[in-house]
Amino acid sequence: MIGALIIVFREVIEAGLIIGIVLAATRGVHGRGKWISLGVLGGVLGASIVAGFAGAISDAFAGRGQELLNAAVLGAAVVMLMWHNAWMARHGREMAVEMFQIGEAVTEGKRPLTALAVVVGLAVLREGSEVVLFLYGIVAGGTSGSDMLLGGVLGIVAGAAFTGLTYLGLLAIPSRYIFSVTTILITLLAAGMAAQAVQYLDAAGVVTVLTDSVWDTSTWLPQSGIVGRALHALMGYNERPSMLQVIVYVAVIASMAVLMRAAAPPRKPVQAI
Amino acid sequence: MKAIVLALALTAAAGLMPGIARAQDGLTTTIKDHKFAPAELRVPAGKRITLTVVNDDATPEEFESRALKVEKVIPGKSKAVIQFGPLKPGSYKFEGEFNSKTAQGVVIAE
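Residues numbered from 1 in each chain as written. Chains lettered and ligands numbered in written order. Predicted model: local features only at pLDDT ≥ 70, side-chain atom pairs only at ≥ 80, totals over all residues.

We now examine the sheet that holds strand 4 (residues 49–55) of chain B. Residue and element names in this part refer to chain B. Spatially, 2-1-4-7 is the arrangement adopted by the four strands of the open sheet, whose pairing is mixed. A single partner strand is all that each edge strand has here, and the edge strands are strand 2 (35–37) and strand 7 (78–84). Going across the sheet, the axis of each strand differs from the next one's by a mean of 25°, ignoring polarity. With three bridges connecting them, strand 1 (residues 28–32) and strand 2 associate as antiparallel partners. (Pairing = 2+ DSSP bridges. Helix = DSSP H or I, 4+ residues; strand = E, 2+ residues; numbered from the N terminus. Axes fitted to C-alpha atoms, helices over the stretch in contact; angles between N-to-C directions.)

Okay, here's the thing in structure tokens:
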């Protein structure tokens, strides 16, 4: 049972971290509960569909369907995160001023929660399909099934608790810093996802250049452990990144910075409030 | 017998599909009762490797190796083609994540 709990928990914390960050980034925004729930629901539905068609997906594109799907899902999430940060760079300041003047209700409907809801959905889809397959395997396997199934379900519950902890931890940050902190977290999240996508493209044989590992920290901080896994989800920690992964990681952070600067409105003197 | 014919047909089909580096070395490992057979695979160093993993169990398995940078779900009673490398000489562990107690193996590049 403990084994099943740990396997499921490890799969769930990645999506859990992302949901926690998104919740913190949308603090005080009306309608966020609805959008994020929709994202989770859509993700679970998508995960079940992906798991159900695992065989067909695996066989697609000459046996490279799974790698290409993963790369595409990660790529889409990176684009959504970039869009979100660019939007925040453009409207964040005026929003903060309005919130201060009229109160929080004014943010209702003004912020595109769709991008973040999609990110949540994609994260749940990616990790969730593995959980669904694993749980299916337990049920199909028969022996000691119910005990392990209980472990799997507890793993999901533990993952949800972890999401709550992430959210509460981020809430402890004073509200005037929360936008900056979540912007940085979302940037690192996007960079890590892009680097992960590179690995899938390599596995699919699409991009096979600069594959030598830049460092190897697998004995110090193994990515299979809980801490390594959390850091991987949070900022794309990789125990053996390829040269190309490091380049892409840095490139995403750089382009995010450029994009946000370009999107930011020209500075004008702020009127006295 | 039937299974052997089917496996041969599948291997032939995989070889005919475009895009995959041809499995001229025919490197294959089979998952049975949550164990790899063979569990030790010898491959040439410095070359892109194509490995076929056959899952003979009814339950799905996730072939995972941080060292080889591979992560792939293989549904029950099916097979998957995995590419990795080029590798430096050395040994690279892999495992079936859903049954990692028994499903362990190693790739040795030389």
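General note: in soluble globular proteins, nonpolar side chains tend to be found buried as a group. All names here are of chain A. Formed by 95 residues in total, the largest nonpolar core has its most connected members in Ile18, Val22, Ala77, Val119, Val120, Ala190 and Ala194. The element best represented in this core is helix 5 (residues 113–141), accounting for 17 residues. Setting aside residues no more than four positions away along its own chain, Ala190 makes contact with Val78, Leu81, Met82, Val252 and Met256. (Core = buried A, V, L, I, M, F, W, Y, C linked by C-beta atoms within 7 Å. Buried ≥ 20, exposed ≤ 12 C-beta atoms within 10 Å, placed from the backbone. Contact = placed C-beta atoms within 7 Å.)

Attention now goes to the pairing of strand 5 (residues 61–65) of chain B. Residue and element names in this part refer to chain B. Sheet analysis places strand 5 next to strand 6 (residues 70–74), joined by five bridges and oriented antiparallel. Opposite Glu62, over in strand 6, you have Val73 as the bridge partner. One ladder, built from two bridges, connects strand 5 with strand 8 (residues 90–96); its direction is antiparallel. Paired with Phe63 across the bridge in strand 8 is Gly96.

All names here are of chain A. Where helix 1 (residues 2–25) contacts helix 7 (residues 175–203), the two axes come as close as 9 Å, and the packing angle between them is 150°. The handedness of the crossing between helix 1 and helix 7 comes out as left-handed. When helix 1 is examined against helix 7, the residues Ile18, Ile21, Ala24 and Ala25 are found in contact with a partner set consisting of Ile178, Thr182, Leu185, Ile186 and Leu189. Class assignment of the residues belonging to the contact of helix 1 with helix 7 gives a composition of eight nonpolar, one polar and no charged. (Left-handed = near helix turned anticlockwise from the far one by under 90°. Nonpolar A, V, L, I, M, F, W, Y, C, P; charged D, E, K, R; others polar.)

What follows is about the interface of chain B and chain A. How big an interface is tends to be stated in terms of accessible area lost as the parts join. In this assembly, 25 residues from chain B lie in contact with 25 residues from chain A. For the side of chain B that touches chain A, the secondary structure elements donating two or more residues are strand 6 and strand 7 of chain B. Considered class by class, the residues forming the side of chain B that touches chain A number 14 nonpolar, five polar and six charged.

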